[in-house]
Amino acid sequence: MICNINPYKQVVLFFVLLIALVGVSPVNAELWFDDAANSEIIVLINQVRSNPWAEAEHLGFDVDGLRESLGSDIAEEWDSGLPALIPDERLMVAAKEHVSDMLINRYYSHLSLDGRGLEERVVAKGFYPIFLAEGMGAVVFQNVISIEEASSLILQGLFYDAFNGGREGTALLSNKVTHIGVAISGGQIEVDGVLLNVFVLVVDVARDASVPPDSVVLWGHTYRDLNGNGEYDFGEGVQAVDLGLKGLANMSFSPSSLIYKHTVSGVDGTYYFIAQPGDYSIEYRLDISGADSSLLEGISVANMGEARRVDLAIDYYEDVENEN
């Protein structure tokens, strides 16, 4: 972490506190979405992706310190510039519906009131992800500001969060995502008889489940099984887990067919590997000193074009957390 204080997070917190107050009247239900503003937000995000270091410097970060904290792999990606994200109508609709739901029903959460998480919302729109994340932000104000000014303020907060390794913004600067959907809308809320204006922005970024030719994809989540149901549920993901894919591609029996790939789980514990068809195991290790590791055996992906989901329950997480 480069900074411990994020002034933009205070804006989000202010909004959360407002909607939690007893006696807050509903937001104006006549919501509107400016497609031009949404498109401009995507343009701005892609501009920052093309040179993240410039934005970091603009926000006052120590670029050398940030480079050291990120590690050589991510630093080299940022040196080259990250690929532009592709707007996807399914993600756009999912983002719009979530913004509308939050504003009309006066809550602020990645989890919808009906219990659905991000993955369930985008799958319902026909987008099947192998990596998925959501960034949200809001501004509350008394005087009128433009949607462009609101967008700029919230985006600055998201990128500030990204450079600090936070949950909301980090995925916007990831090379794991390829597609994007955004939505911003506003309305009014009444607190103790005072009308306040609010804008809420949702940014959904993802990689779809399409598989490169002649390849297979292994993907899923690293998670803590908090409710004991034996499967991953939204909110259980464990970030920053080191993962190693080991095995033998079945295309030949030469030493070159031995596979070892490495990745680190991202927001909500999401991870993926692209490999050749073969037999594999996944080794995981928490990015915490002294953490135990485990091996999941017997993952076989035989057909090219196959995407196999493997969610990994982190058995040792609670012990490690308690010891530190």
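Residues numbered from 1 in each chain as written. Predicted model: local features only at pLDDT ≥ 70, side-chain atom pairs only at ≥ 80, totals over all residues. Heavy atoms only, no water.

Examining the overall build of the protein
Counting its regular elements, the protein contains nine helices and 12 strands. Burial statistics for the protein: of 324 residues in total, 47% are counted as buried. Sequence-distant contacts, at least 24 apart, represent 73% of the contacts inside the protein between residues at least 6 apart. Element-wise, carbon and sulfur atoms account for 51% of the exposed surface of the protein, whose accessible area totals about 15200 Å². (Helix = DSSP H or I, 4+ residues; strand = E, 2+ residues; numbered from the N terminus. Buried < 20%, exposed > 50% of the residue type's maximum accessible area, 1.4 Å probe, protein only. Contact = heavy atoms within 4.5 Å. Areas by Shrake-Rupley, 256 points an atom, 1.4 Å probe, with all protein chains shown as cover.)

Overview of the pattern of salt bridges
Oppositely charged side chains may form a pair once their charged atoms are brought near each other. Overall, the coordinates contain nine salt bridges when judged by the stated rule. We note a salt bridge from Lys-96 to Asp-35, for which the minimum N-O separation is 3.1 Å. With Lys-96 in helix α6 (residues 89-105) and Asp-35 in helix α2 (residues 35-50), this pair connects stretches of sequence that are 61 residues apart. According to the relative accessible area criterion, Lys-96 is partly exposed, its value standing at 22%. The salt bridge involving Asp-114 is made with Arg-116; its shortest N-O contact spans 3.0 Å. Classification of Arg-116 by relative accessible area gives partly exposed; the value is 30%. (Salt bridge = Lys/Arg side-chain N within 4 Å of Asp/Glu carboxyl O.)

Here's the deal with the side chain of Arg-49
Residue position: Arg-49 is located in helix α2. Buried and unpaired, Arg-49 has Glu-77 as its nearest opposite-charge partner, separated by 8.3 Å. If sequence neighbours within four positions are ignored, Arg-49 has contacts with Gly-81, Leu-82, Pro-83, Leu-85, Ala-171, Leu-172, Leu-173, Ser-174 and Val-177. (Lys, Arg positive; Asp, Glu negative; His and termini not counted.)

Remarks on the packing of aromatic side chains
Tallying each qualifying case throughout the model produces seven aromatic pairs. With centroids separated by 5.9 Å and ring planes inclined at 20°, the aromatic side chains of Phe-141 and Phe-199 adopt a geometry described as stacked. With Phe-141 in strand β2 (residues 129-141) and Phe-199 in strand β4 (residues 194-208), the pair connects residues that are 58 residues apart, well separated along the chain. Relative to Tyr-232, the ring of Tyr-223 lies with its centre 6.0 Å away and its plane at 80°, an arrangement referred to as edge-to-face. Neither residue differs from the other here; Tyr-223 and Tyr-232 are each classed as buried. Taken together, Trp-53, Phe-61, Trp-78, Tyr-160 and Phe-163 form an aromatic cluster joined through their ring pairs. Positioned above the aromatic ring of Trp-53, the side-chain terminus of Arg-67 is 4.5 Å from the ring centre. (Phe/Tyr/Trp six-rings, centres within 6.5 Å; stacked < 30°, edge-to-face > 60°. Lys NZ or Arg CZ within 6 Å of the ring centre and 35° of its normal.)

What to know about the confidence of the model for the protein
For the protein, the average pLDDT comes to 81, and 81% of its residues sit at 70 or higher. For the protein, per-element mean pLDDT is lowest for helix α9 (residues 317-323), which scores 41, and highest for strand β1 (residues 86-87), which scores 97. Every residue in residues 1-24 is under pLDDT 50, and counting partners more than four places away or in other chains gives 50 contacts. A low-confidence stretch, residues 317-324 (pLDDT under 50), is modelled with 10 contacts involving residues beyond four sequence positions or located in other chains. (pLDDT = per-residue confidence, 0-100.)

A word on the pairing of strand β8 (residues 270-275)
Most of β8 is tucked away, with five of its six residues classed as buried. Sheet topology note: the strand β5 (residues 216-223)/β8 ladder contains six bridges and is antiparallel. Following the sheet pairing, Gly-220 is matched in β8 by Tyr-271. (Pairing = 2+ DSSP bridges.)

Side note on the packing of helix α4 (residues 63-70) against helix α5 (residues 72-80)
Two numbers describe how α4 lies on α5: the axes approach to 6 Å, and their chain directions differ by 125°. The orientation of α4 with respect to α5, classified from their angle, is oblique. For the pair formed by α4 and α5, the contact residues are Leu-66, Arg-67 and Leu-70 on the first element and Ile-74, Ala-75, Trp-78 and Asp-79 on the second. Class assignment for the residues of the contact of α4 with α5 results in five nonpolar, no polar and two charged. (Axes fitted to C-alpha atoms, helices over the stretch in contact; angles between N-to-C directions. Parallel < 35°, antiparallel > 145°, perpendicular 65-115°, else oblique. Nonpolar A, V, L, I, M, F, W, Y, C, P; charged D, E, K, R; others polar.)

A word on the nonpolar core
One finds Ile-45, Phe-159, Phe-163 and Val-203 to be the most contacted residues of the largest nonpolar core, which totals 46 residues. Of the residues forming this core, the biggest block, nine residues, is contributed by helix α8 (residues 147-163). With 19 residues, the next largest nonpolar core counts Tyr-280, Ile-282, Tyr-284 and Ile-299 among its residues. (Core = buried A, V, L, I, M, F, W, Y, C linked by side-chain atoms within 4.5 Å.)

Topic: the side chain of Glu-134
Relative to the helices and strands, Glu-134 resides in strand β2. The residues contacting Glu-134, other than those within four sequence positions of it, are His-98, His-110, Leu-118, Arg-121, Arg-167, Glu-168, Val-202, Val-203 and Asp-204.

Remarks on unusual backbone geometry
Note on backbone geometry: most residues besides glycine have negative phi, and most peptide bonds are trans. Phi is positive for Arg-106, close to 60°, though the residue is something other than glycine. Checked against the element boundaries, Arg-106 lands in the loop between α6 and α7 (118-123). You can call Arg-106 partly exposed: its relative accessible area is 34%. Positive phi, close to 65°, is recorded for Asp-214, a residue that is not glycine. Mapping Asp-214 onto the fold places it in the loop between β4 and β5.

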